[in-house]
Amino acid sequence: MNRKPIRVVVAKPGLDGHDRGAKVIAQALRDAGMEVIYTGLRQTPDQIVEVAIQEDVQVIALSSLSGAHLHLFPPVVQKLREQNIHDVLVLGGGVIPDEDIPVLQDAGIPAIFTPGASTKDVVRYIQEHFYGPQEKPKVQKIDHIGIAVKDLQQAIDFYENVIGIKCTMIEEVPDQKVKVAFLPTGDSEVELLESTDPDGPVAKFIAKNGEGMHHIAYRVDNLEAKLEELKRAGVPLIDQKPRRGAGGAMIAFLHPKGTFGHLVELCQRED
Amino acid sequence: MFDPKELERLKQSKEQWKENKVSKVTQRFPERRSEFKTDSDIPVDTVYTPDDLGVFNHDEKLGLPGEYPYTRGVQPNMYRGRHWTMRQYAGFGTAEETNKRFRYLLDQGQTGLSCAFDLPTQIGYDSDSDLAQGEIGKVGVAIDTLADMEILFDQIPLDKVSTSMTINAPAAVLLAMYIAVAEKQGVSAEKLNGTIQNDILKEYIARGTYIFPPEPSMRLITDIFAYCAEQVPNWNTISISGYHIREAGSTAAQEIAFTLADGIAYVQAAIDAGLDVDKFAPRLSFFFNAHLNFFEEVAKFRAARRLWAKIMKERFGAKNPKSLMLRFHTQTAGSTLTAQQPDVNIMRVAYQALMAVLGGTQSLHTNSRDEALALPSEESVLIALRTQQVIGYEIGVADTVDPLGGSYHVEYLTDELEKKAMEYISKIDDMGGAPNAIEFMQREIQASAYKYQQDIESEERIVVGVNKFIMKQEPPKDLLRVDPALGESQKAKLKHVKENRDHARVHEALERIRVTAQSNENLMPVIIEAVKEYASLGEICGVLRDVYGEYRQQIIF
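Just so we're clear, the structure is a prediction, and the values are computed from it rather than from any experiment.

> Can you break down the UniProt feature "domain: B12-binding" (unreviewed entry) in chain A residue by residue, with the values?
Under the UniProt annotation, the feature "domain: B12-binding" (unreviewed entry) is placed at residues 5–133 of chain A. As a span, residues 5–133 of chain A carries 43% helix and 19% strand, and end to end its C-alpha atoms are 17 Å apart.

> Help me get a handle on the packing of helix 14 (residues 344–358) of chain B against helix 15 (residues 378–393) of chain B, residues and values and all.
Residue and element names in this part refer to chain B. It is the contact of helix 14 with helix 15, at a shortest axis distance of 10 Å, that shows an interaxial angle of 45 degrees. One way to sum up the angle between helix 14 and helix 15 is to call them oblique. In the packing of helix 14 onto helix 15, the handedness of the crossing is right-handed. Listed contacts from helix 15 to Ile346, Val349, Ala350, Ala353, Leu354 and Val357 of helix 14 are Ile383, Ala384, Thr387, Gln388 and Ile391. A class-by-class count of the residues in the contact of helix 14 with helix 15 yields nine nonpolar, two polar and no charged.

> Tell me what's going on with the environment of lysine 61 of chain B, and back it up with residues and numbers.
Residues and elements named next belong to chain B. As for its placement among the helices and strands, lysine 61 is situated in helix 2 (residues 58–61). Looking at lysine 61, the number of C-beta atoms within 10 Å reads 19, which means it is partly exposed. Taking the C-alpha atoms as reference, lysine 61 lies 7.9 Å from arginine 306; in sequence the two are 245 residues apart.

> Any chance you could break down unusual backbone geometry for me, citing the residues and the numbers?
All names here are of chain B. Cis geometry is found at the peptide bond from tyrosine 68 to proline 69, where omega equals 0 degrees. Topologically, proline 69 is positioned in the loop between helix 2 and strand 1 (85–86). For tyrosine 70, which is not glycine, the phi torsion reads 65 degrees and is therefore positive. Among the structural elements, tyrosine 70 can be located in the loop between helix 2 and strand 1. Even without being a glycine, glutamine 155 presents a positive backbone phi close to 65 degrees. On the secondary structure map, glutamine 155 appears in the loop between helix 5 (146–152) and strand 4 (162–165). Owing to 9 C-beta atoms within 10 Å, glutamine 155 belongs among the exposed residues under this scheme.

Rules behind the numbers
- Residues numbered from 1 in each chain as written.
- Chains lettered and ligands numbered in written order.
- Predicted model: local features only at pLDDT ≥ 70, side-chain atom pairs only at ≥ 80, totals over all residues.
- UniProt positions renumbered as here; feature names shortened; annotations may be inferred.
- Helix = DSSP H or I, 4+ residues; strand = E, 2+ residues; numbered from the N terminus.
- Axes fitted to C-alpha atoms, helices over the stretch in contact; angles between N-to-C directions.
- Parallel < 35°, antiparallel > 145°, perpendicular 65-115°, else oblique.
- Left-handed = near helix turned anticlockwise from the far one by under 90°.
- Contact = placed C-beta atoms within 7 Å.
- Nonpolar A, V, L, I, M, F, W, Y, C, P; charged D, E, K, R; others polar.
- Buried ≥ 20, exposed ≤ 12 C-beta atoms within 10 Å, placed from the backbone.

Here it is in structure tokens:
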């Protein structure tokens, strides 16, 4: 999508000299494609509003760690209103006690980011404010069903000759200690898994449960976003980040304790 | 110390061991990470053995405690004689409240005072200035005139306690007030013990409470060196600070390098001003951070000591052993405290305090668990002080000197950090020294800070309670709040003082400062005269602002 970049001024009101957070946020917003102006230290609310107008920004991000936020943040909003400016988003960050947050929100600063906040949260907040909620990642189909077997060749013979699905490829995935056979049928495929090591996860699975269905994999259009969404929903994950799996796909496993006892894989493939 | 042939044999057998034993295990059970590194990007190996240190010259690398190059400590017996000074940084609100907190801490067995000033005081504005509004008494105590200072140290015998003051740009004024209060208590200046931070270069680089441009700022600093060498001989005239450089995001190696580079600039400025190195150098002190990477931090303190001794001896030709000793205060890293699950901070602080003690610190501030949320409550401060007392009195680590010395790993890290720091210092030398390399240092720090944050977000770096082991928790109650009415009462107090002083004498004293500032005369005597007339901090700094102008920061991110 081709949009004009969002313009942001990151500002340090008051006398506070702690600018590590402000500078990290400034750089993160810039890396997210926004145009960022950083004012430097010791700015008065008047000066900040002046820069915001001159630079034609859509966002003012204020940072203070000295405890003077109640005194310094609201006047910025007030001065914008005096200039009849209503569409500039004013955000705050710093060491700010929870009980002060509603006070700042009432003053026209809808979001306050406190220690431990991720720069991604700030980026997402700004983007959603201007572009609306990001499209939710979609599950497209069942990508494959994984079946753990002791003898891969025997299983392939059975599927090819008895069930009637052809194996199109065999691949070894060393870091999972597994050899995988792919048998596409219709929109999805069967994945047969044989362990290459007596201590591999598939060998352990068979030792515990016997041969049989090992996991079900759903294809998604944005794996990273889907994982973020699941994390926020508190779903336990085995893989916190996408990693490369068999067949060139990016994959991640969810923990069975969050999915009614069966193993779920999510995958994303370049089409 | 080690035989080269023997080292070669050891190296080979270690390689074999890696090939056979280690790789067998790691093939079956992959390690937690593909590579292990310290915060300064030094690779960390499976194990350390003598061959990692090469032919190790004991006397050159370590020496005995209290002997050159002081790697193992500046005193021969370190904490066997006396513990480090347990010095909690405190100060908020009015002089009355801070005086109460000081006396509470002394009653609890604290052995030195450390005073935090509010931002207007640190930047040379009185409480009645427009720019001070909203900041009065917030991050420290508000001091406008000698009247506030008299209350601050009421019933505290200044000949018995040592006081550290975190004050930089207007350090000369606060020191002048301290000397004047002592005089009123009947304590002469030569009996005073304490420290002013007085480190302006790191204000430009990382902390932000500068006032004047570099040149007059350096002159104020060398004036203080010269005055104290004669009049306040036991005063630490500067605390060259890596703490804030680290808090701004630097690595351990950068912390050593940039701090010592600043130190070199001060020493050079004082020599250029005609002072004898062995007269002022014994009163230089340092201030470091105790961060997270345990062994690297211990090594950092040792490397800094060794490097400074070499610099003073070889570069500046100092002869007095006291000039070669890097004495330092440590504070646990505020930036590592989490707002989430704040009680866990108690554990972080305890380990950090241990790093500082194993690194041979002369004094220590332990942070309180609630500092990512607000100023610390009295109860939190007490736990933090007790943490030091447990380390000092219960667990035996203070009973021998530098107990980690000789650890192959710690010695290896000490060597590596010294090397990395020296590379930076040479680079800064090539730029013409620290005052000319401020932007370079800022850029380096910013890059490290950004990487640190990205590592947390990618979970490359784990922060318990923030990106792992997360728990929903009620925010803690009983946070300390500075009374918002305090600003008004402080202003009323100032008004009263201003109305009840001898205006003509104040005016004359301020004019004398103006004239002296334009000359080459030492500024300290005229500043002391002015504070005794109850000229305010803002008035004195105002005159100096007129003469010197103000520093303008370059915007770098």
